[in-house]
Amino acid sequence: MAIAPRFRRVAALQREFVDREPLLAAFEEEIERLRTGAASPAPRILNVTGVGGIGKSRLLRELRVRAPKGWRTATLDLQVPAMRQQEDALAVLRAEFGGQGVRFDRFDIAYAVLWQRIHPHLRISRETLPFVEESGILTEIIDSVAGLPVFGTGLGLLKAAEKVTTDARRRFRIRHDETLSSLDDLPNAEIVDAVTYLFAEDLRDASAARPYVLTIDTYEALVPAPTRSGRTQLADVWLRDLVAQLDRGLVVIAGREPLRWDVYDTDWHGLIRTCPVDGLPMQARLALLGSSGIVEERELQRLAAASAGLPFYLHLAVDTGGPLPEGDATGPRLAQAAANQREILQRFLQHVASDEVRTLEVLGVARIFGVEIFRALTAALQLPGHVTAWESISSYSFVYPAGDQLRFHQLMAAALRDRLSEPARLELHRLVHAAWAARAFEDPESGGVTGQEASRTVDGRMLADPVAFREMVFHALQVGEVSGTDLLDLVEVAVRGGADGAAGGVLADLRDFLRDNPVRVTPELTETARVLDVETVLRRGEADQALELTPDQTWDASTPVGARLAVAAGQARRIAGQTSAALEIYNLVWSGDDDTARMGAGLWAADLHMCQGRFLDAERFATELDVIAERRHPEARGDVARLRHLAHRFAFDFDASLRLLYEATDHYQTARSYLGNANIKTNRAELLAFSDAELAIAEARAAIEVQTEIGAQHELGKCHTAIAVASLRLGRFGDAEAAFGDAVEALTRASYRSGLARARLYRAALEARRGQLDLAQASVRWAVSELEAAEVYPTLVLAAGIALRNLGIDDEDVTEACQRAEPSIQPLTTLDDLKGRIDVFARDLLGLGEASR
């Protein structure tokens, strides 16, 4: 990119002003307070705050334009070094207000005395003293001595003023002003404050009927450190003193950090109204770009998104280049982006304390940080890490809250990272990774595990902080020391520990990594992202989307990641009711070598054997799974016990099912498994619905709270179904009807075919008990057809036939379905024993009392 003068980029102030409606409204409110006299006789300050480049200077210019007609306006730009000196700043303001009709007689005389004190070797003349030409009183004094230099003593100037002034009131006011009379007796340190006082007094006298708007820009240039200590806390004493005396106008002060003047004087409290300037909304960004000549839609969207709402970025993009070829990732566009990034960083770091810039560069790698990360990095690199340094760093305007942590403005963070060499970045990523890892996991013996506790251990430690966990994984990716298999294992820890948000964050970070680091992309990492994507959808129970992400293919279970992808594909098919296809995939993975994938495949294969009534095959799988579970973790043993519990429940052996439910609960509690304990709540509600209806409703509602947080629609559908069945058994038909409606809604969202069939079958009992036998028969027939289509729950098909028989209904389709179901069932005892338990269940559900057999 060609080198260009910075002057070209001053055009931002001339471009269209967009948005900022809240700031303009606040300005109008303050003006109205002054106009109506609602304000007390005290200074009033509108404090405009925001990061460098957010458009504060442009806003101040707009406010001056919007000042009421007839009001005076002036500005003080502290970015100009001379304007940070009290006497120079007063001279500038005097010239601006003087040009709008304010007479500064007393100030001019006092300023001349001050000037003579500062320049004792010079004498007052038109050539040496500022604004002589604009000052009526000084012009008259100099002209009266026929051009001879004047000595600037207070007494001498007062006498000269008396001689030359013909206006009696003016002469009286000058002669009897106590401050002017005492100037010669004041030390230099006090005379400058006297000059400030007289400036404010002259301005006050002139503003009774004509108020003013004074804008002060770039406050941080005067006080560069947000946390003021040492000499910095004295830098703005003169400005505070001046503003405190300006009570007949509005003072607007723009700076990166809010004014904290009430820390030094509580009387400031209530006088300063802070108005933050945020990033431009998308429509305003597009409007600004459009008005600057960018018209191509794709370029508009690209620049608007990349700007993060920072007007300086948008102006810079317009000034330094135009549309470039879309495919250009390494040529002019890359050079332009790098140059713009450097400019942005310069804008952010302008007026930042120089000794803190290096610390900011280091923290830029951290993405988010708190005091612990700050101390870990500063200690490792021998940078200032004391509390004052932390308070200053964390107080800058470009530092934003990120939960309990902090982060930099995204444009600054990216620019800071790019300033570092590759070896330096890698070393910092390692340091930050180690710091987050120390917080991500806790030793279970330490008692430090809180909240949604972890389900599995990593090197003997348990998940304790989901935020730390995500950051640990992020930095591991940057260092390149984590494999796809490692990522899957780590995400499983987060999911089982209830930190689903952290798991989703890891997936987002992995996607960003794959996009931003094409050279480091491997087939394993690409496939890992696909696995995490499918598993995320499955946790929400969205089977249709999971199927779209796993179209039919030849599944490769020879690698851990490939095996995990196959298990996820099988799970999608299981929920969608493609039972045979799912079982085929599970059997393929089960024949592999990876324990993690085999455990998942074996559990779901056993689950399908159970669902299809092959209880003996399910028990055989469970026995083999117990061997793997012993090598792993109590949670895995809980999964096996829960599988057996479900098998006995669908075999209608509720006593054995309850015993196994307690066993699974013990394992999950030992494992501190958030997800396992959540699913056990659902299963407990489902089982209690058939035995203790009141308790089932309470348990189901507790389960709904947890499953809503997780977002598992299929589990929510089961919970609502349990409430419906329990309400039905209690004779609360209205409650049962409402709960069935909620169940159908959740199960439909989840595309959970077999769950819908079960709910419709139980609803048939409600219809029968209301005397709606035709509806009941239709519901039973629909449920049976769905169960057969999904190839699941032959014992429920038998239950449907037995229920119709108890109602005296002969249905040929259901009867034939029962005949097909019987041969597929592997009962745990005998078929007759199973049918007897089903009969007891059906009569109880229909409210018919004792079983007929």
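Everything here concerns the structure above.
Here's what I pulled together on the structure shown here. (Residues numbered from 1 in each chain as written. Predicted model: local features only at pLDDT ≥ 70, side-chain atom pairs only at ≥ 80, totals over all residues. Heavy atoms only, no water.)

**Points about the sheet that holds strand β7 (residues 399-402)**
The sheet built from 3 strands is open, its strands ordered β6-β8-β7 with antiparallel pairing. Both outer strands of the open sheet, β6 (368-369) and β7, are each paired with one neighbouring strand and no more. Two strands pair when backbone bridges link them, and β7 and strand β8 (residues 405-408) are joined in this way by 4 bridges, in the antiparallel orientation. Looking across to β8, one finds that Ala-402 is bridged to Gln-405. (Pairing = 2+ DSSP bridges. Helix = DSSP H or I, 4+ residues; strand = E, 2+ residues; numbered from the N terminus.)

**Thoughts on the packing of aromatic side chains**
Per the stated rule, a full pass over the model turns up 21 aromatic pairs. A centroid spacing of 5.1 Å and a plane angle of 55° characterise the contact between Trp-590 and Phe-621, whose relative ring orientation is tilted. Here Trp-590 is found in helix α26 (residues 579-590), whereas its partner Phe-621 is found in helix α28 (residues 615-632), with 31 residues between them in sequence. Neither residue differs from the other here; Trp-590 and Phe-621 are each classed as buried. The interplanar angle of 25° and the centroid separation of 4.4 Å between the aromatic rings of Phe-650 and Tyr-793 together place this pair among those described as stacked. Highlighted residues: Phe-650 in helix α29 (residues 634-650) and Tyr-793 in the loop between α36 (773-789) and α37 (794-806), separated in sequence by 143 residues. Taken as a pair, Phe-650 and Tyr-793 share a single burial class, namely buried. Ring-pair connections join several aromatic residues into one group, and the members of that group are Phe-369, Phe-374, Trp-390, Tyr-396, Phe-398 and Phe-408. The ring of Phe-474 is capped by Arg-367, whose NZ or CZ atom sits 3.8 Å from the centre of that ring. Over the aromatic face of Trp-590 sits the side chain of Arg-598, whose NZ or CZ is 4.3 Å from the ring centroid. (Phe/Tyr/Trp six-rings, centres within 6.5 Å; stacked < 30°, edge-to-face > 60°. Buried < 20%, exposed > 50% of the residue type's maximum accessible area, 1.4 Å probe, protein only. Lys NZ or Arg CZ within 6 Å of the ring centre and 35° of its normal.)

**Section: the sheet that holds strand β1 (residues 44-49)**
The strands that make up a sheet pair up through hydrogen bonds in the backbone, lying either parallel or antiparallel. Taken in spatial order, the 5 strands line up as β2-β3-β4-β1-β5 in an open sheet, and their pairing is parallel. The open sheet has two edge strands with one neighbour each: β2 (72-77) and β5 (272-276). Strand after strand, the sheet turns through a mean of 15° between neighbouring axes, direction not considered. The pairing of β1 with β5 spans 5 bridges and is parallel. Pairing of Leu-46 across the sheet is with Arg-273, part of β5. (Axes fitted to C-alpha atoms, helices over the stretch in contact; angles between N-to-C directions.)

**Side note on the pairing of β8**
Two elements, β6 and β8, share 2 bridges in a ladder whose sense is antiparallel. Pairing of Ile-368 across the sheet is with Arg-407, part of β8. Two successive antiparallel strands, β7 and β8, enclose a turn made up of 2 residues, where Gly-403 displays a positive phi of approximately 70°.

**A closer look at the pattern of salt bridges**
All chains considered together, the criterion is met by 52 salt bridges. We note a salt bridge from Glu-29 to Arg-273, for which the minimum N-O separation is 2.8 Å. With Glu-29 in helix α1 (residues 21-36) and Arg-273 in strand β5, the pair connects residues that are 244 residues apart, well separated along the chain. A relative accessible area of 43% places Glu-29 in the partly exposed class. Judged by its relative accessible area of 25%, Arg-273 falls in the partly exposed class. As a salt-bridge pair, Glu-694 and Arg-732 come within 2.4 Å of each other at their nearest N and O atoms. Here Arg-732 lies in the loop between α33 (713-729) and α34 (733-749) and Glu-694 lies in helix α32 (residues 693-710), a separation of 38 residues in the sequence. Given a relative accessible area of 42%, Glu-694 falls into the partly exposed group. Judged by relative accessible area, Arg-732 falls into the partly exposed class, the value being 33%. Via salt bridges that share partners, Glu-29, Glu-30, Arg-33, Arg-44 and Arg-273 belong to a single interconnected network. (Salt bridge = Lys/Arg side-chain N within 4 Å of Asp/Glu carboxyl O.)

**Observations concerning the side chain of Glu-220**
Here Glu-220 shows up in the loop between β3 (212-217) and α10 (237-244). Judged by its relative accessible area of 5%, Glu-220 is buried. Among the polar contacts listed, one links the side chain of Glu-220 to the backbone nitrogen of Arg-256, at a separation of 3.0 Å. (Polar contact = N/O pair within 3.5 Å; in protein donor to acceptor, adjacent residues only side chain to side chain.)

**Comments concerning the packing of helix α21 (residues 484-496) against helix α23 (residues 523-539)**
With their axes 9 Å apart at the nearest point, α21 and α23 run at an angle of 20° to one another. As summarised for this structure, α21 and α23 are arranged roughly parallel, according to the angle between their axes. Here α21 and α23 pass one another in a crossing that is right-handed. In this structure, α21 uses Gly-484, Thr-485, Leu-487, Leu-488, Val-491 and Val-495 to contact α23, whose residues at the interface are Glu-524, Leu-525, Thr-528, Val-531, Leu-532 and Arg-539. Residue classes in the contact of α21 with α23 are distributed as 7 nonpolar, 3 polar and 2 charged. (Parallel < 35°, antiparallel > 145°, perpendicular 65-115°, else oblique. Left-handed = near helix turned anticlockwise from the far one by under 90°. Contact = heavy atoms within 4.5 Å. Nonpolar A, V, L, I, M, F, W, Y, C, P; charged D, E, K, R; others polar.)

**Quick look at the environment of Ile-191**
Structurally, the position occupied by Ile-191 is in helix α9 (residues 188-206). A residue is classified by how much of its surface remains accessible, and Ile-191, at 0% relative accessible area, is buried. Ile-191 has contacts with Val-113, Leu-114, Arg-117, Leu-183 and Leu-186, leaving out every residue within four places of it along the chain.

**Considering the environment of Leu-280**
If you trace the backbone, Leu-280 turns up in the loop between β5 and α11 (282-291). Considered as a pair, Leu-280 and Val-18 are 262 residues apart in the sequence and their alpha carbons are 8.4 Å apart. Each residue touching Leu-280, except ones within four places of it in the same chain, is listed here: Val-18, Asp-19, Arg-20, Arg-285, Leu-288, Gly-309, Pro-311 and Leu-314.

**What about the packing of α29 against helix α30 (residues 654-671)?**
Each pair of packed helices can be described by the angle between their axes along with the distance between the axes. Interaxial distance between α29 and α30 falls to 8 Å at its minimum, and their mutual angle equals 165°. As the angle between them shows, α29 and α30 are arranged roughly antiparallel. The crossing of α29 and α30 is left-handed. On α30, the residues touching Pro-634, Glu-635, Arg-637, Gly-638, Asp-639, Ala-641, Arg-642, Arg-644, His-645, His-648 and Arg-649 of α29 are Phe-654, Ala-656, Ser-657, Leu-660, Leu-661, Glu-663, Ala-664, His-667, Tyr-668, Thr-670 and Ala-671. Looking at the contact of α29 with α30, its residues break down into 9 nonpolar, 6 polar and 7 charged.

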